[in-house]
Amino acid sequence: MALPRLVPPAVVDPAQTGALRAEVRAYLAEQLAAGTFTPCVDAWLTQWDEDFTAGLAARGWLGMTVPIEYGGHGRSFVERFVVTEELLAAGAPVAAHWIADRQIVPALLKYGTEAQKLHFLPRIARGECFFGIGMSEPDSGSDLASVRTRAHRVEGGWSLSGTKVWTSGAHLAHAFIVLARTAPVDPAHRHAGLSQFIVDLPGPGVEIRPIISMNGAHHFNEVILDQAFVPDDMVFGEIGDGWQQVTSELSFERSGPERFLSTFVLLAATTENMAAQRISRDASLGRLVARIAGLHQMSAAVAAGLQRHDPADIPAAVVKVLGTTTEGDIADFADLHAGGDSQYADLVRAAVDQRPGFTLRGGTNEVLRGVIARGLGLR
Ligand SMILES: Cc1cc2nc3c(=O)[nH]c(=O)nc-3n(C[C@H](O)[C@H](O)[C@H](O)COP(=O)(O)OP(=O)(O)OC[C@H]3O[C@@H](n4cnc5c(N)ncnc54)[C@H](O)[C@@H]3O)c2cc1C
């Protein structure tokens, strides 16, 4: 029996995107020479730099896929892929705009009202509006249908109460999209009765409590909603369609180059150290480089699929499982072969610290293997 194709065929045509890639590389080299940033591991989650974001916005590298009438640049997903891949490979500080640019843009374009698009999209493209994701709760991560945050109908809008957790960047973002229950659980249709809301950060009835990571960093938060009022015009999509909307958002969240390049700067530094014989030679390094090369092709193929509006949940799951596992293996490899200077040791330490999150955030590998099994017709 022939297995179905899980990821579309590779597509990036260097003739079409080569000039753009060279332009981004030249800009990053300039910024690096000017000392604007220090390359970091996992910079898309941990390095929040609004000035750097503003610089990218000025060059038209934010809101690239947003139509021009909404203040964007009307470019393709493949072009956005090229720009984001270069930023990630350089370990540039892109956390401020990452969530807004990656998944809020396509979600707004698909489900937002005209007023929401006109309000948020130009600000996102200008690097002036940052978003968080309010899906997970203390007892609800993989099984999002079990969220307990409730939204009750009130005069002119909705009143939200509940607790969101692991909310990256909530203390710095302007808003987050909250998944809440708007109808009681129907055991026969657990995914029904969920809805999404755009909630201001900070805002009345919204308390943001920091969660400090074991390395002392603050990017996570717990966000307590206590009768937070959301006006009708900030309902996101249709009431009751939250599950379908969230799953379509996850395709954008899971397939991008940040799912295999979080430790790329460490891989590059390891290669340099090995070439300079500051660490001992090992054939496993070649395997890691080969895996990254394959993931580049697969992730680019998904970007082209998104451009065609193909369903992307299964290919995105494949890229995320293979990519995040590779990111972690790079951290482990560098940790085992440690050596080099203190800058290198910092990269290794950061990669080892961040490693547990790679295969958890955006859906765990176990859960994604279930998605892939469904794609193969095995469940
Ligand atoms: C760095 C980082 C950033 C994050 N940022 C955000 C954010 O901004 N917003 C947000 O909403 N969330 C965020 N999260 C939360 C993340 O989405 C959840 O951690 C993730 O979905 C897993 O949920 P959980 O932690 O509740 O684990 P659980 O769902 O409780 O899972 C625990 C274990 O059980 C396994 N498991 C669960 N269900 C199954 C199943 N059906 N089959 C097999 N195994 C299963 C899991 O694989 C895991 O190993 C972030 C997480 C991390 C690590």
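Residues numbered from 1 in each chain as written. Predicted model: local features only at pLDDT ≥ 70, side-chain atom pairs only at ≥ 80, totals over all residues.

By the naming in an unreviewed UniProt entry, the protein chain goes by Acyl-CoA dehydrogenase and is assigned to Mycobacterium simiae. Looking at the Sequence similarities (unreviewed entry) heading of the UniProt record, one finds this comment for the protein chain: "Belongs to the acyl-CoA dehydrogenase family." (UniProt positions renumbered as here; feature names shortened; annotations may be inferred.)

**Q** Would you explain the overall build of the protein chain in this entry?
**A** Each helix and strand in the protein chain was counted, giving twelve helices and eight strands. In terms of C-alpha radius of gyration, the protein chain reaches 21 Å, essentially the compact-globule figure of 21 Å for 379 residues. Across its three principal directions, the C-alpha atoms of the protein chain cover 70 × 55 × 45 Å. Looking at the protein chain alone, contacts between residues at least 24 apart form 75% of all its contacts between residues at least 6 apart. (Helix = DSSP H or I, 4+ residues; strand = E, 2+ residues; numbered from the N terminus. Rg over C-alpha atoms; globule rule 2.2 N^0.38 Å. Contact = placed C-beta atoms within 7 Å.)

**Q** Which parts of the structure should I look at to understand the UniProt feature "domain: Acyl-CoA oxidase/dehydrogenase middle" (unreviewed entry) in the protein chain?
**A** As annotated in UniProt, the feature "domain: Acyl-CoA oxidase/dehydrogenase middle" (unreviewed entry) corresponds to residues 133-226 in the numbering used here. Secondary structure across residues 133-226 comprises 0% helix and 49% strand; the distance between its end C-alpha atoms is 18 Å.

**Q** In this structure, what is going on with the domain arrangement of the protein chain? I would like to understand it.
**A** Accessible area lost on assembly of the parts is the figure often given for the size of an interface. The domain architecture assigned to the protein chain consists of domain 1 (14-130), domain 2 (133-240) and domain 3 (246-376). For domain 1 versus domain 3, the distance between C-alpha centres works out to 20 Å. With 19 residues of domain 1 at the contact, the number on the domain 3 side is 22 residues. Elements with a contribution of two residues or more to the side of domain 1 that touches domain 3: helix H4 (77-89) and helix H5 (95-111). Counting residues per element, the side of domain 1 that touches domain 3 draws most heavily on H4, at seven residues. (Domains from an automatic or database assignment.)

**Q** What should I look at first to understand unusual backbone geometry in this one?
**A** Comment: phi is negative for the bulk of residues other than glycine, and the bulk of peptide bonds are trans. In this model, Leu-201 is joined to Pro-202 through a cis peptide bond whose omega is -20°. Within the secondary structure layout, Pro-202 lies in the loop between strand S5 (194-200) and strand S6 (206-212). Phi angles above zero are rare outside glycine, and Trp-166 is one such case at about 60°. By the secondary structure assignment, Trp-166 is in the loop between strand S3 (157-165) and strand S4 (175-181).

**Q** Which parts of the structure should I look at to understand the site of the ligand?
**A** Around the ligand, the surrounding shell holds 19 residues, and the nearest of these are Gly-141, Ser-142, Gly-357, Thr-364 and Glu-366. Considering only residue class, the shell around the ligand consists of six nonpolar, eleven polar and two charged. Residue assignment places the shell around the ligand across two domains, with domain 2 (133-240) and domain 3 (246-376) each supplying three or more. (Near = placed C-beta within 6 Å. Nonpolar A, V, L, I, M, F, W, Y, C, P; charged D, E, K, R; others polar.)

**Q** Looking at this structure, how should I read the nonpolar core?
**A** Across soluble globular proteins, you tend to see nonpolar side chains buried next to one another. Grouped together as the largest cluster of nonpolar side chains are 105 residues, with contacts concentrated most on Leu-160, Phe-176, Phe-197, Val-199 and Leu-266. Broken down by element, this core gets its largest block of residues, eleven residues, from helix H10 (residues 313-336). Those residues within four positions of Phe-176 in sequence are excluded, and the remaining contacts are Phe-131, Gly-132, Ile-133, Gly-134, Thr-167, Ala-170, Val-199 and Leu-201. (Core = buried A, V, L, I, M, F, W, Y, C linked by C-beta atoms within 7 Å. Buried ≥ 20, exposed ≤ 12 C-beta atoms within 10 Å, placed from the backbone.)

**Q** Even after reading the chapter, I still don't get the UniProt feature "domain: Acyl-CoA dehydrogenase/oxidase N-terminal" (unreviewed entry) in the protein chain, so can you show me in this structure?
**A** As recorded in UniProt, the sites labelled "domain: Acyl-CoA dehydrogenase/oxidase N-terminal" (unreviewed entry) are residues 19-128. Along residues 19-128 the backbone is 64% helical and 0% strand, and the end-to-end C-alpha distance reaches 27 Å.

**Q** Which parts of the structure should I look at to understand H4?
**A** Spanning 13 residues, H4 covers 18 Å between terminal C-alpha atoms, matching the ideal 18 Å at 1.5 Å per step. Among the 13 residues in H4, 13 count as buried, and that is most of the element. One or two positions beyond H4, positive phi appears at Gly-91, with a value near 65°. (Expected span 1.5 Å × (residues − 1).)

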